[in-house]
Amino acid sequence: MSELFGIPLPALLGQLLLGLVNGSFYAMLSLGLAVIFGMLNIINFAHGALYMMGAFLAWMGMEYLGLSYWAMLVLAPLVVGVLGILIERLLLQWLYKLDHIYGLLLTFGITLVIEGVFRSFYGVSGQPYSVPEQLMGATNLGFMILPNYRAWVVVASLVVCFAVWALIEKTSLGAKLRAGTENPKLVQAFGINVPRMVTLTYAGGVALAAFAGVLAAPILQVSALMGSNLIIVVFAVVVIGGMGSILGSILTGLGLGLIEGLTKVFYPEASNTVVFVVMALVLLLRPAGLFGKEK
Amino acid sequence: MSTQKSKNPLSGYLLLFAGIALLPVLGAYPIFVMKVLCYALFACAFNLLIGFTGLLSFGHAAFLGTAGYAAGHALKVWGLPPLAGLGFGALCAAAMGGLFGLLAIKRSGIYFSMITLALAQMLYFFFLQASFTGGEDGLQSVPRGAILGLDLAQDLNLYYVVVAVFIAAFWLIYRTVHSPFGQVLTSIRENEARAISLGYDVDRFKLLAFVLSAGLAGLAGATKTLVLGFATLTDALWTTSGLVILMTLVGGMGTLVGPMVGALVIIALENKIGDFGQAIANLTGIAWFNSLGESVSLVTGLIFIVCVLAFRRGIVGEALALYDRFAIKRS
């Protein structure tokens, strides 16, 4: 069997793999958004910019300091996480009592600033970032050629996503987090430092975005604009999945990546818009999203 | 959110519009003022939703872009007269608004914003690929035509047409806000649950407001195409949606004049930021400031942050609050 629906099988599988790679980025970003929204009640528009920053830090670490990909995979999320702590303490914490809208607007402003800074120093053209040596080349699976790096991206992001899911759903720290989301005052009365938990949640969420950025750096061109189009797709993912469940955002992200990959094979013109078409359909049938709870 | 109760606002508006009409005589560059008026109308239309209905649309650039392309196509390819072209553009945008609205008002709050944003992005990709938009190059050399034998190729003639369009649209917004319909919209903004319990079909009111706002935003986009002679993808890009939010925020949400002030401030800033950066560079000797003109988004982003944190009522909103404080002290 070398053809399926008139498409050569390797091409089909190749696009599906590409879709899965994109899907794992969507999953990691929408997961971070969901966790931040759950704890802070803020839609973090800056998520895309911080993802871009993760990729850029990886490039800068290699270019200026000669650090390896593996070092940056740890360092970049840490740096962005610290930046996240600053953002939360200096800016976001003043908005919790206000309408959600202001959180969206403030983080939109942060996005403009971060993108503006990178654009004024590096322009909009992409910076090349090569695949780390250990993951170069590809494995022949018989029915398709699997580039090692892409396989690594999918595996790494799946592991991280499910680790976050397990942390939140299965550990006592996660239980406190979820309780803090439901009733912060009560949880505080039990002696748990809720404001610090909120800060760390934000830092963790944006570190996840930066981690996705480092993973993306060798696949996509590292550029100041790489986050801005992605974040809107991720918003669509969030609307489709519904913000209610952690697992929902992971599964929806992966699923939409696959749908996008399939569209690229059968009707390439629509590949940019298919996620939004799915969003429109889901909204018509289930306004609360696939995994969301009806209010 | 807002307190707008001056004794006799109409005379104030008359004075304002007379001033705008006189600007070219006083030496202002007509094209610049027309551009500001187009964005001011755009922001006023947007404010009808956020300021008076409490809906944050993050996709309003879609309507500006739709009408820009529709009007451009009608004027250039079909050879429609200017006013018919503007009307066609506004109608297309209103229809698009109906479509967006039907999908978006199913969810409220932050979801509403994200859905409008995503739908607008979908439309952006459509414009990027469709043949009639000219793709990356945009729709070029749209003719201005003539009204009643008045040649609009002359900037001053066009100027008074644009001012007339603006005043008509502003009057429509004023009437809407001060009508029973507008009162229902305000009640939805203040307390949606109560509006429902009073028996209002809230979703229908929201949809009507959305369509009206989209149509007026479209009128702004169509007028902009007529003034500048081209329509580009940037008009439909999500950054333009962000820009109109910023204009409204800086000027003052929920005030009628605020969005106009905000549009003036932001457009002037965009045009002058390069000069400003050069001045700072000369003063401080830091060469980086010379490139400030290329990173407008850095400055607009900072303004955004400052406005949200410290300045939520905007210029006009703060001025009105100050005026009220004085009025209370004196009485």
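Residues numbered from 1 in each chain as written. Chains lettered and ligands numbered in written order. Predicted model: local features only at pLDDT ≥ 70, side-chain atom pairs only at ≥ 80, totals over all residues. Heavy atoms only, no water.

Q: Give me the lowdown on the overall build of chain B, citing residues and values where you can.
A: The secondary structure content of chain B amounts to 13 helices and two strands. Whereas a compact globule of 331 residues would reach a radius of gyration of roughly 20 Å, chain B reaches 20 Å, a difference of no more than 12%. Pairs at least 24 apart in sequence give 75% of the contacts found in chain B among residues at least 6 apart. Summed over all atoms, the accessible surface of chain B reaches about 14,100 Å², with 66% contributed by carbon and sulfur. Averaging the coordinates of the 19 positive side-chain charges in chain B and doing the same for the 14 negative ones gives two points 12 Å apart. (Helix = DSSP H or I, 4+ residues; strand = E, 2+ residues; numbered from the N terminus. Rg over C-alpha atoms; globule rule 2.2 N^0.38 Å. Contact = heavy atoms within 4.5 Å. Areas by Shrake-Rupley, 256 points an atom, 1.4 Å probe, with all protein chains shown as cover. Lys, Arg positive; Asp, Glu negative; His and termini not counted. Charge placed at Lys NZ, Arg CZ, Asp CG, Glu CD.)

Q: Give a detailed account of the overall build of chain A, specifying residues and quantitative values.
A: If you tally the helices and strands in chain A, you get eleven helices and four strands. In terms of C-alpha radius of gyration, chain A reaches 19 Å, essentially the compact-globule figure of 19 Å for 295 residues. In terms of its C-alpha atoms, chain A occupies a principal-axis envelope of roughly 65 × 50 × 35 Å. In chain A, which comprises 295 residues, the share counted as buried stands at 55%. In chain A, 77% of the contacts between residues at least 6 apart in sequence involve partners at least 24 apart. Surface accessibility of chain A: about 12,500 Å² in total, with carbon and sulfur atoms responsible for 68%. Of the charged side chains in chain A, 13 are positive and 11 negative; the average position of the first set lies 14 Å away from that of the second. (Buried < 20%, exposed > 50% of the residue type's maximum accessible area, 1.4 Å probe, protein only.)

Q: Let's hear about the nonpolar core: which residues, and what values?
A: Counting 209 residues, the largest nonpolar core has Phe45, Leu105, Leu215, Phe235 and Met279 of chain A together with Phe100 and Phe304 of chain B as the members making the most contacts within it. The greatest single-element share of this core, amounting to 17 residues, is contributed by helix α2 (residues 30-50) of chain B. Residues in contact with Leu215 of chain A, not counting those within four places in the same chain, are Phe25, Met28, Tyr69, Leu73, Tyr149, Trp152, Val153, Ala156 and Ser157 of chain A. (Core = buried A, V, L, I, M, F, W, Y, C linked by side-chain atoms within 4.5 Å.)

Q: Could you give me a rundown of the interface of chain B and chain A, with the residues and numbers involved?
A: At the interface, 36 residues of chain B touch 43 residues of chain A. When chain B packs against chain A, close to 3,900 Å² is buried across both sides, 81% of that on carbon and sulfur atoms. Among the residues chain B hides against chain A, the three largest losses belong to Ile110, Met114 and Trp238 of chain B. Together they make up 17% of the total. Where chain B meets chain A, there are zero salt bridges. Between the two partners, chain B and chain A, sit four residue pairs in polar contact (both at pLDDT 80 or more). At twelve residues, the largest contribution of residues to the side of chain B that touches chain A is made by helix α5 (residues 109-129) of chain B. (Buried area = accessible area lost by both parts, 1.4 Å probe. Salt bridge = Lys/Arg side-chain N within 4 Å of Asp/Glu carboxyl O. Polar contact = N/O pair within 3.5 Å; in protein donor to acceptor, adjacent residues only side chain to side chain.)

Q: Could you give an account of the side chain of Ser228 of chain A, naming the residues involved and the relevant values?
A: Residue placement: Ser228 of chain A occurs in helix α9 (residues 226-241). Here Ser228 of chain A falls in the buried class, since its relative accessible area comes to 6%. A distance of 3.1 Å separates the side chain of Ser228 of chain A from the backbone oxygen of Leu225 of chain A, its partner in a polar contact. With residues near it in sequence (within four places) discarded, Ser228 of chain A still touches Glu115 of chain A together with Trp238 of chain B.

Q: Could you give an account of the confidence of the model for chain B, with specific residues and numbers?
A: Regions with low pLDDT carry predicted coordinates that are not meant to be interpreted in detail. Mean pLDDT over chain B: 90, with 98% of residues reaching 70 or higher. Note that pLDDT drops below 50 for residues 1-6 of chain B; the model gives that stretch ten contacts with residues more than four away or on any other chain. (pLDDT = per-residue confidence, 0-100.)

Q: Summarise the packing of aromatic side chains; cite the residues concerned and give the values.
A: Throughout the structure, instances matching the rule amount to 35 aromatic pairs over all chains. Ring geometry for Phe45 of chain A against Phe108 of chain A: centres 5.1 Å apart, planes inclined by 75 degrees, an arrangement best described as edge-to-face. Taken together, the positions of Phe45 of chain A in the loop between α1 (9-40) and α2 (47-65) and Phe108 of chain A in helix α4 (residues 100-122) put the pair 63 residues apart, joining distant regions of the chain. Ring pairs connect the aromatic residues Phe45, Phe108 and Phe235 of chain A together with Phe58, Trp238 and Phe304 of chain B, which therefore count as one cluster. The side chain of Arg204 of chain B reaches across the aromatic face of Phe205 of chain B, ending 5.9 Å from its centre. Between the NZ or CZ atom of Arg312 of chain B and the centre of the ring of Tyr102 of chain A, over which it lies, the distance is 5.6 Å. (Phe/Tyr/Trp six-rings, centres within 6.5 Å; stacked < 30°, edge-to-face > 60°. Lys NZ or Arg CZ within 6 Å of the ring centre and 35° of its normal.)

Q: How would you explain the packing of helix α5 (residues 148-170) of chain A against helix α6 (residues 172-182) of chain A if you had to name every residue and give the values?
A: Residues and elements named next belong to chain A. Where α5 contacts α6, the two axes come as close as 5 Å, and the packing angle between them is 70 degrees. Classified by the angle between their axes, α5 and α6 sit roughly perpendicular to one another. Packed against α5, whose contacting residues are Leu167, Ile168, Glu169 and Lys170, the element α6 presents Ser172, Leu173, Gly174, Ala175 and Arg178 at the interface. Tallied by class, the residues present in the contact of α5 with α6 amount to four nonpolar, two polar and three charged. (Axes fitted to C-alpha atoms, helices over the stretch in contact; angles between N-to-C directions. Parallel < 35°, antiparallel > 145°, perpendicular 65-115°, else oblique. Nonpolar A, V, L, I, M, F, W, Y, C, P; charged D, E, K, R; others polar.)

Q: Outline empty space enclosed by the protein, supporting the account with residue identities and numerical values.
A: Residue and element names in this part refer to chain B. This structure, assessed with the given rule, holds one cavity of 30 Å³ or more. In this structure, the largest cavity spans a volume of roughly 40 Å³. Every residue lining the largest cavity is listed: Leu37, Cys38, Leu41, Val162, Val165, Phe166 and Thr223. At the level of secondary structure, the elements contributing two or more residues to the lining of the largest cavity comprise α2 and α6 (155-177). (1 Å grid on protein atoms, 1.4 Å probe; cavity = no way out; pocket = protein on both sides within 12 Å on 5 of 7 lines; lining within 4 Å. Points joined across faces, edges and corners; volume = space filled by probe spheres on them.)

Q: Give me the pattern of salt bridges: which residues, what numbers.
A: Residue and element names in this part refer to chain B. Scanning all chains against the criterion turns up six salt bridges over all chains. Across the pair Glu192 and Lys206 runs a salt bridge whose closest N-O atoms are separated by 3.0 Å. Residue Glu192 is found in helix α8 (residues 192-197), and its partner Lys206 is found in helix α9 (residues 202-228); the two are separated by 14 residues along the sequence.

Q: Can you break down the packing of α4 of chain A against helix α12 (residues 296-310) of chain B residue by residue, with the values?
A: At a minimum axis distance of 7 Å, the contact between α4 of chain A and α12 of chain B shows a crossing angle of 155 degrees. As far as their axial angle goes, α12 of chain B and α4 of chain A are roughly antiparallel. Viewed along their axes, α4 of chain A and α12 of chain B form a crossing whose handedness is left-handed. Of α12 of chain B, the residues touching α4 of chain A (which contributes Tyr102, Leu105, Leu106, Phe108, Gly109, Ile110, Leu112, Val113, Gly116, Val117 and Arg119 of chain A) are Ser297, Leu298, Thr300, Gly301, Leu302, Phe304, Ile305, Val308 and Leu309 of chain B. Classifying every residue of the contact of α4 of chain A with α12 of chain B gives 14 nonpolar, five polar and one charged. (Left-handed = near helix turned anticlockwise from the far one by under 90°.)

Q: Lay out the environment of Trp94 of chain A with the relevant residues and their values.
A: Among the structural elements, Trp94 of chain A can be located in the loop between α3 (69-90) and α4. Ignoring anything within four residues of it in the chain, the contact list for Trp94 of chain A reads Arg89 of chain A together with Leu309 of chain B. A distance of 2.9 Å separates a polar atom in the side chain of Trp94 of chain A from the backbone oxygen of Leu90 of chain A.

Q: Go over a nonpolar patch on the surface, please, and point to the residues and values.
A: Residues and elements named next belong to chain A. A surface patch of nonpolar side chains, about 400 Å² in accessible area, is lined by Phe162, Leu247, Leu251, Leu290 and Phe291. For Leu247, the location among the structural elements is in helix α10 (residues 246-266). The exposure class of Leu247 is partly exposed, given its relative accessible area of 32%. (Patch = residues over 30% accessible without salt bridge, like charges linked within 9 Å, V, L, I, M, F, W, Y side chains within 5 Å.)

Q: Give me the lowdown on the environment of Gly180 of chain A, citing residues and values where you can.
A: All names here are of chain A. Along the polypeptide, Gly180 turns up in helix α6. On the basis of relative accessible area, Gly180 is assigned to the buried category, the value being 5%. C-alpha separation for the pair Gly180 and Pro195, spaced 15 residues apart in sequence, amounts to 9.7 Å. Residues within four places of Gly180 in sequence aside, it is in contact with Met39, Val187 and Met197.

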